[in-house]
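Listed here are the chains, written in short residue letters.
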Protein chains: 2
Amino acid sequence: MTTITSEQINDFDKRYRTNLINCLSGIKSMNLIGTKNTSGQTNLAIFNSVIHLGAHPPLMGFIQRPATVERHTFENIQETKYFTINSVTKEVHKQAHQTSARYERAESEFDETSLESTFINDFHAPFVAKSPLKIGLELADIIPIPVNNTQLVIGKVKLIQLNEEFLKEDGFLSLHDQGIVGGTGLDSYLSAKEIGRYSYAKPDLPLSKYSHNR
Amino acid sequence: MTTITSEQINDFDKRYRTNLINCLSGIKSMNLIGTKNTSGQTNLAIFNSVIHLGAHPPLMGFIQRPATVERHTFENIQETKYFTINSVTKEVHKQAHQTSARYERAESEFDETSLESTFINDFHAPFVAKSPLKIGLELADIIPIPVNNTQLVIGKVKLIQLNEEFLKEDGFLSLHDQGIVGGTGLDSYLSAKEIGRYSYAKPDLPLSKYSHNR
């Protein structure tokens, strides 16, 4: 085992350090965020920082990096208040990664990466047609993170489209069974396999495995 | 495909809704956070909300739920300013899940779950001996999230201990190769396998796969 100190981290080459620090948090979610501005221009971008914030009310968030370049997703959310979070499957993960290229404002990543968009009911923002889990959110808050000028963008879940075949009797939605991928760092995509689901832990009680059909 | 509206989400049974909403964000990181209070009492708790916040400076965060019950991890961080983030492997994932049981303040989850602690250099907070990736952090900020009374706890990376066998020449650290697990929802643990690592995406340029040895 190697121990790396603050001083050594500071001395790393910038790209090396970016790669290493991005790997520390563990296995990440990979999601495509879809937006549409008031002129009707759609945008799609991959994020590896989407997190669960709470179930009552149903809230999700993601980290917005500093606005040193144009951030179309963030601008569209500020302008319209709506966005979508779409799962990334093994089937579309290369197209999803390609959305991270810096396209011009007038170009839609839906077109550029051939990821078809779809609209559900009268929800303003576009969804990714091929994503088996599509979530429509309304902006709830934008919280500044002064220490590095990032922001936590928070949305309230307004709509969910999912494949009920993977929804269990207790509300658990199996993601790995649908080919939904995770990631490490900035550029590694991972498929997942369940090891086990366990009971709610209590002191002095051994864990038991969940018994629903998989 | 089933479409679920806000009204339907509101009508779900509380436990069902908690399970479903916790699955929406995708595949999650699973980490053990270690702390020690000023009396020397250690604490260890599993979190599935650890995220990367930035590499320059190196920052990580996690979501602290509302203080409706005693939150030993959070109290210790406020008191001492130091905490550790430790990866969860397949080998220890059941013990890691067991740390979520509500032990008394005077009980250490290290002892209760037989996860051995270790100390590195003179860092105040305890690490999990068996975790192949150990990170020591100093509290940088606590940011309130008013919409649901959660908080984003931010730490600056001060120390990293890792197995250099899994560190690539560009700073990428392979997690899946070390048996580090991810999760879905509140109680499902996942092993991961790499599908591919891809080049930095640029418009009008096809992606290429990374070629380092794995």
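Note that residues are indexed from 1 along each chain, following the sequence as it is written. Naming scheme: in the order in which they are written, chains are lettered from A and ligands are numbered from 1. Only residues with pLDDT of at least 70 get local features here, since the model is predicted, and only at 80 or more are side-chain atom pairs given and counted; chain-wide, interface and lining totals rely on the full set of residues. Heavy atoms from the whole structure form the basis of all side-chain values; hydrogens and water molecules are not counted.

Per an unreviewed UniProt entry, the recorded name for chain A is Flavin oxidoreductase, and the organism is Brumimicrobium oceani. UniProt positions are given in the numbering used here, feature names are shortened, and annotations may be inferred rather than shown by experiment. Annotation of chain A in UniProt includes, under Sequence similarities (unreviewed entry), the sentence "Belongs to the flavoredoxin family." Its UniProt record gives chain A the following Cofactor (unreviewed entry) comment, quoted word for word: "FMN".

K.L.:
Would you take a moment to explain the overall build of chain A for this structure?
P.N.:
Comment: elements are numbered from the N terminus, with helices defined as DSSP H or I runs of at least four residues and strands as E runs of at least two. Each helix and strand counted, chain A has five helices and 13 strands in total. At 19 Å, chain A has a C-alpha radius of gyration in line with the 17 Å of a compact globule built from 214 residues. Its C-alpha atoms put chain A at 55 × 55 × 30 Å along the principal axes. A burial count over chain A gives 60% of its 214 residues as buried. Any two residues having at least one pair of non-hydrogen atoms within 4.5 Å are treated as being in contact. Considering only contacts within chain A whose residues lie at least 6 apart along the sequence, 57% involve residues at least 24 apart. Where accessible areas are quoted, they stem from the Shrake-Rupley method and a 1.4 Å probe; at the residue level, only the protein chains shown are allowed to cover. Summing over all exposed atoms, chain A offers an accessible surface of approximately 8700 Å²; the carbon and sulfur share of this is 45%. Counted as positive: Lys and Arg. Counted as negative: Asp and Glu, with His and the chain ends omitted from the count. A charged residue contributes its charge at one atom only: NZ of Lys, CZ of Arg, CG of Asp or CD of Glu. Taken as two groups, the 22 positive and 24 negative side-chain charges of chain A have centres that lie 4 Å from each other. With the radius of gyration taken over C-alpha atoms, the globule rule is written as 2.2 Å times the number of residues to the power 0.38. In this scheme, a residue with accessible area under 20% of its type's maximum is buried, one over 50% is exposed, and one in between is partly exposed, where area comes from a 1.4 Å probe on protein chains only.

K.L.:
Looking at this model, I keep getting lost on the sheet that holds strand β12 (residues 182–184) of chain B. Mind explaining?
P.N.:
Pairing between the strands of a sheet is mediated by backbone hydrogen bonds and can be parallel or antiparallel. In this scheme, strands are said to pair when DSSP sees at least two bridges between them. On the basis of which strands lie adjacent, the open sheet formed by six strands has the order β2(A)-β12(A)-β13(A)-β13(B)-β12(B)-β2(B) and antiparallel pairing. A single partner strand is all that each edge strand has here, and the edge strands are β2 (28–29) of chain A together with β2 (28–29) of chain B. Examined bridge by bridge, β2(A) and strand β12 (residues 182–184) of chain A share two bridges and lie antiparallel to one another. Residue pairing in the sheet places S29(A) in a bridge with G182(A) of β12(A).

K.L.:
When you look at the pattern of salt bridges in this model, what are you seeing that I'm missing?
P.N.:
Oppositely charged side chains can form a pair if their charged atoms are brought close together. Salt bridge, as used here, is a side-chain nitrogen of Lys or Arg placed within 4 Å of a carboxyl oxygen of Asp or Glu. All told, the structure shown has ten salt bridges over all chains when counted by the stated rule. K130(A) is paired through a salt bridge with E91(A); the nearest N and O atoms lie 3.0 Å apart. Taken as a pair, K130(A) in the loop between β9 (127–128) and β10 (133–145) and E91(A) in the loop between β7 (82–87) and α4 (93–98) lie far apart in primary sequence, 39 residues in all. Here the two residues K130(A) and E91(A) agree in accessibility, since each one is exposed. In this structure, R197(A) engages D187(B) in a salt bridge whose closest nitrogen and oxygen atoms are separated by 2.8 Å. Residue R197(A) is located in strand β13 (residues 188–197), and its partner D187(B) is located in the loop between β12 and β13 (188–197); the two belong to separate chains. Salt bridges sharing partners connect three or more residues here, namely D170(A), R197(A) and D187(B).

K.L.:
Hey, could you run me through the relation of the copies chain A and chain B in this one?
P.N.:
In summary, the two copies of the chain are related to each other by a rotation about an axis coupled with a shift along it. Our superposition of the copies is a least-squares fit, built on the C-alpha atoms of residues whose pLDDT is at least 70 in both. In the superposition of chain A on chain B (RMSD 0.0 Å, axial shift 0.0 Å), the rotation amounts to 180°. Those values place the two copies in the arrangement expected of a two-fold rotation axis. Of every C-alpha in chain A, the one belonging to A192(A) sits nearest the axis of rotation, 2.2 Å from it. Same-surface contact between copies: 100% of interface residues of chain A are shared with the interface of chain B.

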